[in-house]
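# Survey of secondary and tertiary structure
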Amino acid sequence: MKLLVASDIHGSAYYCRKLLEAREREGAPRMLLLGDILYHGPRNDLPRDYAPKDVIAMLNPLKDELYCVRGNCEAEVDQMVLEFPVLADYCLIPLGSQMIFCTHGHIFNEKHLPPMKNGDILLHGHTHVPRTDYIDGHWILNPGSVSIPKGGSVQGYATLKDDVFTLKEIDGTVIRSVQLTEDGAGAAI
């Protein structure tokens, strides 16, 4: 199954719309949102077309097709308006003999790993910087930010199909792909 992975929409109706266009283009039956869906946060400028109510209206109809985790900007009031769970700190997705630990990144990250076996995968957002790194026996993946990229990156998302993780610009241009081998030998594809 193909999964579209995105993080840090931060209430941008414009980029949420672009993300849903990407989902259609990709043919992904499910999306994994890694937090910070509605609120822009006090450290960020307002993203383009900041309209959290519009984002709610776009995402609620997809409630049966979304996996979500809580970002540092999510609050109970967000759960009151969203029709899908957004307050879980993490979710686990099996990938063969590997496990993908999906979280926002403000609690569990490269400097504070969750319990994982060698070869397992930490998939998070929060930094707004895309990455595909194998460090100390674990894959550290980040799709970047849909609306507020940082570190010289661009608005983007990722796809996960079988064991291939692909970073893409919001228009679908491939940035890079890696095969998620347990030993980290998965070269760029």
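Presented here is an overview of the structure given in this document.

Rules used throughout
- Residues numbered from 1 in each chain as written.
- Predicted model: local features only at pLDDT ≥ 70, side-chain atom pairs only at ≥ 80, totals over all residues.
- Heavy atoms only, no water.
- Pairing = 2+ DSSP bridges.
- Helix = DSSP H or I, 4+ residues; strand = E, 2+ residues; numbered from the N terminus.
- Axes fitted to C-alpha atoms, helices over the stretch in contact; angles between N-to-C directions.
- Contact = heavy atoms within 4.5 Å.
- Buried < 20%, exposed > 50% of the residue type's maximum accessible area, 1.4 Å probe, protein only.
- Core = buried A, V, L, I, M, F, W, Y, C linked by side-chain atoms within 4.5 Å.

### Examining the sheet that holds strand 2 (residues 30-33)
- Here we have six strands laid out as an open sheet, ordered 3-2-1-9-10-11, and mixed in their pairing. At either margin of the open sheet sits one strand with a lone partner, and together these are strand 3 (66-68) and strand 11 (174-179). Strand-to-strand twist across the sheet, computed as the mean angle between neighbouring axes with direction ignored, equals 20°.
- The strands touched by helix 1 (residues 13-26) are strand 1 (2-6), strand 2, strand 9 (156-161) and strand 10 (164-169); relative to strand 1, the strand with the most contacts, the crossing angle is about 165°.

### Examining the sheet that holds strand 4 (residues 90-95)
- Reading across the sheet, the five strands line up as 4-5-6-8-7 and stay open at both edges, with mixed pairing between neighbours. Sheet topology places strand 4 and strand 7 (131-135) at the edges, where each strand pairs with a single neighbour. Across the sheet, the axes of successive neighbouring strands diverge by a mean angle of 20°, strand direction being ignored.
- Summarising the sheet, strand 4 and strand 5 (residues 98-103) pair through six bridges and their orientation is antiparallel. Following the sheet pairing, Tyr90 is matched in strand 5 by Thr103.

### Remarks on the pairing of strand 5
- In terms of burial, strand 5 is largely enclosed, as five of its six residues are buried.
- The turn linking strand 4 back onto strand 5 is made up of two residues, and Gly96 within it adopts a positive phi angle of 60°.
- When strand 5 meets strand 6 (residues 121-124), the two strands line up parallel, connected through four bridges. Paired with Thr103 across the two strands is His124, which belongs to strand 6.

### As for the nonpolar core
- Grouped together as the largest cluster of nonpolar side chains are 28 residues, with contacts concentrated most on Leu19, Met31, Leu33, Ile37 and Leu59.
- Of the residues forming this core, the biggest block, six residues, is contributed by helix 1.
- Not counting residues within four places of it along the chain, the set of residues in contact with Met31 comprises Leu3, Leu4, Leu19, Leu20, Arg23, Leu59, Leu62, Glu65, Leu66 and Tyr67.

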